[in-house]
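Chain by chain, the residues run as shown.
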Amino acid sequence: GNLAATTDANNGVINFTALAVNGTVAVTTNGSGNATLVNDAGLNFAASTVGGVLNATATTGNMTDSGALAITGTTTLTTSANNATIALDTTTNAFTGAVTITTNDNSGTDSDVTIDGGTTALVLGDSTIDGDVTLTSTATGTTGITDTGTLNIRGTTTISASGIDVTLNSTANRFQGSIAIDGSDVVVVNANSTTDLAASTVTGTYTLTARGSVTDS
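Residues numbered from 1 in each chain as written. Predicted model: local features only at pLDDT ≥ 70, side-chain atom pairs only at ≥ 80, totals over all residues. Heavy atoms only, no water.

Enquirer: Just to check I follow, could you spell out the overall build of the protein chain for this structure?
Expert: Scanning the protein chain for helices and strands turns up zero helices and 28 strands. Relative to the 2.2 N^0.38 estimate, which gives 17 Å for 217 residues, the radius of gyration of the protein chain is 17 Å and therefore close to what a compact globule would have. Out of the 217 residues in the protein chain, the part that is buried amounts to 47%. Counting contacts in the protein chain only where the partners sit at least 6 residues apart, residues at least 24 apart contribute 22% of the total. Taken as a whole, the protein chain presents about 8,900 Å² of accessible surface, with 47% of it coming from carbon and sulfur. (Helix = DSSP H or I, 4+ residues; strand = E, 2+ residues; numbered from the N terminus. Rg over C-alpha atoms; globule rule 2.2 N^0.38 Å. Buried < 20%, exposed > 50% of the residue type's maximum accessible area, 1.4 Å probe, protein only. Contact = heavy atoms within 4.5 Å. Areas by Shrake-Rupley, 256 points an atom, 1.4 Å probe, with all protein chains shown as cover.)

Enquirer: Looking at this model, I keep getting lost on the pairing of strand E25 (residues 194–197). Mind explaining?
Expert: Residues in a regular strand project their side chains so that they alternate between the two faces of the sheet. By the bridge criterion, two bridges tie strand E23 (residues 178–183) to E25 in an arrangement that is parallel. Residue pairing in the sheet places Ser178 in a bridge with Asp196 of E25. Where E25 and strand E28 (residues 213–216) come together, four bridges link them in parallel fashion. Bridge pairing links Leu197 to Asp216 in E28. (Pairing = 2+ DSSP bridges.)

Enquirer: I'm lost on the environment of Val38 in this one. Help?
Expert: Along the chain, Val38 falls in strand E4 (residues 35–39). By relative accessible area, Val38 is classed as partly exposed at 23%. With 66 residues separating them along the chain, Val38 and Asn104 place their C-alpha atoms 16 Å apart. Discounting residues that sit within four places of it in the chain, Val38 has contacts with Phe16, Thr17, Ala18, Leu19, Thr57 and Thr59.

Enquirer: Mind showing me how you'd approach the side chain of Ser170 here?
Expert: Residue placement: Ser170 occurs in the loop between strand E21 (165–168) and strand E22 (174–175). Beyond its immediate stretch of four places on either side in the chain, Ser170 contacts Asp147, Thr148, Gly149, Thr150 and Val189.

Enquirer: Help me understand unusual backbone geometry in this model?
Expert: Phi is mostly negative for residues that are not glycine, and the peptide bonds are mostly trans. Despite not being glycine, Asn11 shows a phi value in the positive range, around 60°. Within the fold, Asn11 resides in the loop between strand E1 (3–6) and strand E2 (14–19). Accessibility expressed as a relative area gives 35% for Asn11, which makes it partly exposed. Positive phi values are uncommon outside glycine, yet Asn83 reaches one of about 75°. Looking at the secondary structure, you find Asn83 in the loop between strand E10 (75–82) and strand E11 (86–88). Judged by its relative accessible area of 34%, Asn83 is partly exposed.

Enquirer: In this structure, what is going on with the pattern of salt bridges? I would like to understand it.
Expert: It is possible for side chains bearing opposite charge to pair when their charged atoms get close. Enumeration according to the criterion identifies one salt bridge in this entry. For Asp130, the salt bridge is made with Arg154, and the minimal N-O distance between the two is 3.7 Å. Placement of Asp130 in the loop between strand E16 (127–129) and strand E17 (133–136) and of Arg154 in the loop between strand E19 (151–153) and strand E20 (157–160) is noted, with a sequence separation of 24 residues between them. With a relative accessible area of 9%, Asp130 lands in the buried category. In this structure Arg154 comes out as partly exposed when scored by relative accessible area, which is 29%. (Salt bridge = Lys/Arg side-chain N within 4 Å of Asp/Glu carboxyl O.)

Given below as structure tokens:
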């Protein structure tokens, strides 16, 4: 069945580290309360509001959303299973703090990630994604997508941030697949041995710093 958990106490936390929920999970914390969720299968979020930090782990399945997520603190997303994916693509999501992502593919690049940050700027923390990553921002300011940590993306990177800036300039970033970006001013640093630029639409300035060779596809 489904799980809906709410804290009414001031800054009350939700700490579920041994869940076995086959339906949706909805959490609402009071004030700046944190939420920790570890599910024995996949993790399907219903509409949730966390005033503090969200730590979410899907142990043997994929992570998805069927409602909007509003997370004020940082967000840490982990899929433990081989080839498991993360798709949090509700267009009204709002991740105010940095989002850290880990997926696992032992032999390929099938552990894909899709994140829609809605109208809130999307900030990426240290992340290792063993698949393709698709990021969307319709942020209302000038900044759409940035990083505060190192990104290691084994698959392709596709970013949609039309009319707003994209800055992924951590010095140890590794974009191992092709990079496609729609944005205004774009800054990318890639420490991978090669950089493959896929079809992109940049209406401002595109600044690329690449350690190795640069090609287009």
